[in-house]
Amino acid sequence: MDLSRRQLLAAGSLSLAGVALGAPGAGAQAPKRGGTLSLRLWDPPHFDLHAPGGLSYKLHIALTFTHSRLLKPKAGPSVHPGTFPLEPDLAESWTQPNERTYVFKLRRGVKWHPKPPVNGRELVADDVVYTVNRFMTTKGNANAFMLESLARVEATDKYTVKFTLKEPFAWFLDTLANPMALAIVARECVEKFGDLKQPEAVVGTGPWMLDAYRPNQGLTYVRHPGYFVAGLPYIDRVEATVDEDNASRISSFLAGKYDIGWENPGTINRTDWVQIKDKVKRPVRTAEFPSNVMSHISMRADEKPFSDVRVRQAMSLAIDRKGLIEATAEGVGVMNPPVPAALRDWTIPMEQLGEGARWYRYDPAEARKLLAAAGYASGFPGSVCFTTYGSTVLVDSMQLVQKYLKDVGIDAKIDQKEYGAYVSSCFYGNFSSMAFGPQTPFLEPDTFLYGQYYPNHPRNQSHINDPQVADMLVRQRRTADPVKRRAVIYDIQRYLATKQYYVQMPSGVYVGVWDAALKNYGPNIGYDYGGRLTAAWLDR
Amino acid sequence: MVFALPRLLPGDAVQLMLEEKAYARDLDELRAKLGLDRPLHVQYVEWAARAVRGDLGKSLWTRRPVLEEIGRRLPITLELALLALALAIFIALPVGILAAVRQDSVGDLVARSLAIFGLSIPAFWLATLLIVLPAIWWNWRPSADFVPFGADPLGNLRHMLLPAVVLGIAAAAALMRLARGMLLEVLRQDYVRTAWAKGMSERAIVLKHALRNGVIPVVTLLGTQLPQIIGGTVVIETIFGLPGMSRFLFDAINQRDYPVIQGVNLIVVSTVVLVNLAVDALYAVLDPRIRY
Amino acid sequence: MSRPGGGWARALARFARRKPLGALGAVIVVAMLVMAAFAERIAPYGYDESLRGARMTAPSAAHWLGTDNLSRDIWSRVVYGARVSITVGFLTVALAMLLATAIGVTTAYFGGVWDLVVQRVVDAWLSFPYLIIILSLMAVLGPGLGNVVVALAVLIAATNSRVIRGATLGVVEHAYIEAARAIGCSHARIIVRHVLPNVAATIIILATIALGAVILAESALSFLGFGVPPPHPSWGGMLAGSGRTYMFRAPWMAIWPGVAISLAVFGFNMLGDALRDVLDPRLRGS
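Since the structure is predicted, the reported quantities are computational estimates derived from the model, not experimental observations.

K.L.:
Even after reading the chapter, I still don't get the sheet that holds strand β5 (residues 101-106) of chain A, so can you show me in this structure?
P.N.:
Residue and element names in this part refer to chain A. The sheet built from four strands is open, its strands ordered β4-β5-β7-β6 with antiparallel pairing. One side of each edge strand has no neighbouring strand; the edge strands of this open sheet are β4 (91-98) and β6 (150-157). Mean inter-strand twist for the sheet, computed between neighbouring axes without regard to direction, equals 20 degrees. Bridging between β5 and strand β7 (residues 160-165) involves five bridges; their strand directions are antiparallel. Looking across to β7, one finds that Lys105 is bridged to Thr160. Across the sheet, helix α3 (residues 125-137) is in contact with β5, β6 and β7; its angle to β6 comes to roughly 165 degrees.

K.L.:
Can you walk me through the environment of Thr328 of chain A in this structure?
P.N.:
Residue and element names in this part refer to chain A. Topologically, Thr328 is positioned in helix α9 (residues 321-328). Taking the C-beta count within 10 Å as the criterion, Thr328 has 26 such neighbours and is therefore assigned buried. Spatially, the C-alpha atoms of Thr328 and Leu394 are 8.3 Å apart, while their sequence positions differ by 66 residues. The residues contacting Thr328, other than those within four sequence positions of it, are Val393, Asp396 and Ser397.

K.L.:
Where do I start with the confidence of the model for chain A in this structure?
P.N.:
Detailed reading of predicted coordinates is not advised where the pLDDT is low. When the pLDDT values of chain A are averaged, the result is 89; 94% of them are 70 or greater. The low-confidence segment residues 1-27 of chain A, where pLDDT is below 50, has 30 contacts with residues more than four positions distant or belonging to other chains.

K.L.:
Looking at this structure, how should I read helix α11 (residues 252-279) of chain C?
P.N.:
Residue pairs spaced three or four apart in an α-helix point in one direction, given the helix's 3.6 residues per turn. Taking 1.5 Å per residue as the helical rise, α11 of chain C with its 28 residues ought to reach 40 Å, and the 39 Å between its terminal C-alpha atoms agrees with that figure. Among the 28 residues of α11 of chain C, 22 are classified as buried, and the element is accordingly described as predominantly covered.

K.L.:
Would you mind showing me how to read the interface of chain C and chain A here?
P.N.:
Accessible area lost during the coming together of the parts is what is often quoted as the interface size. On the side of chain A, 22 residues touch chain C, which itself brings 20 residues to the contact. Secondary-structure elements contributing two or more residues to the side of chain C that touches chain A are α6 (130-141) and α10 (235-245) of chain C. Considering every element that reaches the side of chain C that touches chain A, the biggest residue donor is α10 of chain C, with four residues. Considering only residue class, the side of chain C that touches chain A consists of nine nonpolar, seven polar and four charged.

About the cut-offs
- Residues numbered from 1 in each chain as written.
- Chains lettered and ligands numbered in written order.
- Predicted model: local features only at pLDDT ≥ 70, side-chain atom pairs only at ≥ 80, totals over all residues.
- Pairing = 2+ DSSP bridges.
- Helix = DSSP H or I, 4+ residues; strand = E, 2+ residues; numbered from the N terminus.
- Axes fitted to C-alpha atoms, helices over the stretch in contact; angles between N-to-C directions.
- Contact = placed C-beta atoms within 7 Å.
- Buried ≥ 20, exposed ≤ 12 C-beta atoms within 10 Å, placed from the backbone.
- pLDDT = per-residue confidence, 0-100.
- Expected span 1.5 Å × (residues − 1).
- Nonpolar A, V, L, I, M, F, W, Y, C, P; charged D, E, K, R; others polar.

Listed below in structure tokens is the structure:
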């Protein structure tokens, strides 16, 4: 079990080494300007990052091409997927005078897109202040919780922005760099259009400008000539296609229509990849890295039978995680402790998990013993709330999980719901027995842990009220030093492993795929498509 | 019904908009903002009053006017439907006539088997094979990018052809069976026997009586199939990436976008009523026996 | 056509000679029924039984139709799938026909305001796109075998009630109905003793053809994510789900459920057509 994970990580770095080996040659080439990059994107419900329904990837990814943030995760072939070293975007530099204060110096001469009503004026500190306030005060901004620690923001001069927090929040910089949170928007657009929902209101300071939006079909971006990094971006045009069917996507990729893999984040599902890789006639490059999409079984830990820790441990022992990887991920996957293995800097290696590691084994006999000790010698009935998300892999996983549970005497009926019904009930812990499904794939551990385990948090699906966890969760938020913070996060995971409030499933390993003509590109998890392509160029 | 049906759906737009991150307070605020917090009958009266004036409201999600969106999508679905029907008629009528004239012959058996075979393949599967196999064999993808008819008529037709074929095959099968059945009945009528007895050629009999009678089922089919084609091509529109009405409706149902669901329903139902009126009128022209 | 007793065999033989396609359809339908009824005896494995070391193996002597990505025997799943399809099909059609007959016969028999009102409701129902009716119903009821049945039945009932109403109108005109009325028979008695037997053929034919349509509809629903949920192995689910996902590497995962669907639809339609030709020539155009 531990072995497979280590092997995998070894395999992952091997293929990365392959990429890196190729890089010096590529690096010797001078980057070329021009060309059109084509890829598959999703149809944004609208274009207002702060308005309700500006949900997750569909909109966030689309706006990474057009908007800038104060900071961004570094991109390129040298960055290890799963790590997110921060670098300046609109900020030139920043300081942290005390635990609760951050001061950013902005770059000078940053120009908005030359589009009405902003018409290419310079970006100033007031723009940042305006955006942050709009982010926090727009009714129904689903991501507002990301900045809940912020007390106020002010412009101390034309190029300086000061953030003051209510309490120390060690993840503040990471949050600012996240495409979900703080892309800087222009006040003029909001004033002219009322909100930012129309495509005409997409005016940013990012490397590309939105040139055309065709509902249900696609988006076209063109190079922003006044982008604040001279010479960038190299790619003139980005053609994004909305493509809602997998057979259609396979067909388009094989026909050379997509330059990078069609699944988020620029990958191809391994199930598809193993089937089509021999049929791809053009040269492509690949890199493998674990997915941060993690499914789990959540359960009413506040009620019988799940309030008994032995029952939860038994459920974890009942799951054949290796079997799941074999059956649904083509045999290539990673074991997840409470923080997904994909977040390399924060997930605890299985061999350091200590006592709790034993619950990640597959041991149905032991599971039955534990159930008997808890007074359920003949098992118990239950139900699992579930929705398919349109994924056959998820449906297959659900069937296997049901079978594994049945093998130890837990007779779980699948209560399948339509997505809308699921999100409005089970996703918020509104179910009577168990639920099964993937969780929103964040890039730092705090959003995973805090949301799932802090008492009364809406995403605390298992109804956990454990003061010891709550205390550690607050503590890591107050620990500025990354090394010390990691120690706390490791401690949390060790503790949680023994409690098994959620039974975590393994994740697949992504296959990042891109056309060999696309140079200086490195895949990573996260929605920052635009950031990863800004310095990339096309050799054709 | 247009109004009430969508409101029965569990969960609501607000919860979906906040997706997986909502706090309870936000939900109520947002409902109030979208006007979804008022009693249903108040919302209904308001909606109906505006609908009468031709204002179908705005999408809860995109804030774009529903009527405008329908205006953009309806032509695409109608074009698809008309192409498919034309194709179906083109295949079905000759085959149907032939099968009826040579009832129970080998040709009849083959034609009918083919027709039912055409009916028996799920459309999504046929569509999948049609776009995936060429890509596998020749790294070539048919019908890749939809362009509006106005912008590039030829490119548009090239893209619409394959989806129309997939849709047309099932329609052709249904139509062929219908045409055959109708004709068999016609051929047994007394006036046809009289024509035989008078020594008219088979060709003349079939053309004279078959054509007129063959068109009637087509017209019937048009009347009964139209709502289904407008609302039922979601599979085709999904696989071929067509921005039509079905996909619009499907997404709206999934997102609980009530104004869109109501608007699409209203338009479809009114279109159907109009088409049915037209069909009835056509009947009277085609078949003098029918009088209103 | 067939008289009770020894005439059965001869009638069947004649049916097979005159309607070879219909007979073929009948054979297919009977085969499906047998598979559904005796699935436990016919299928060598359980439908959810994972077989160690047999992931996506090609068809062989051990596994006639191969195995799927969860190492399950596809032949067994196709056999159990017949049970799901037959269950969904028959329940749907039975429910639909019950509704359709009740509506069709009573509206035609009683006429008047009742007819007018009910027919307008049916009109309204029919002018809605199937999609919204089915998806709305599925969203309200939630996915599930029983709910697929209800959603499809409600639709089929509306369409077929029209045809049954037409057939009943033809019967009601006859002199013997008037005679029955004249001698003071109750409405219930007339409907049960005189009307129903005369429209029975119509109902049987419509039902046979509807069965094929239900199987297809279930597969389309599966594609849209509203089909019979796992672990029940429906053919549509097998084809639209993992069958389509693994279509290159393990084409047998898609081919066999696909063949089963096509055969079933073919069988029901051919049988229905032949029954129509034999039992009720008037219905050809419907």
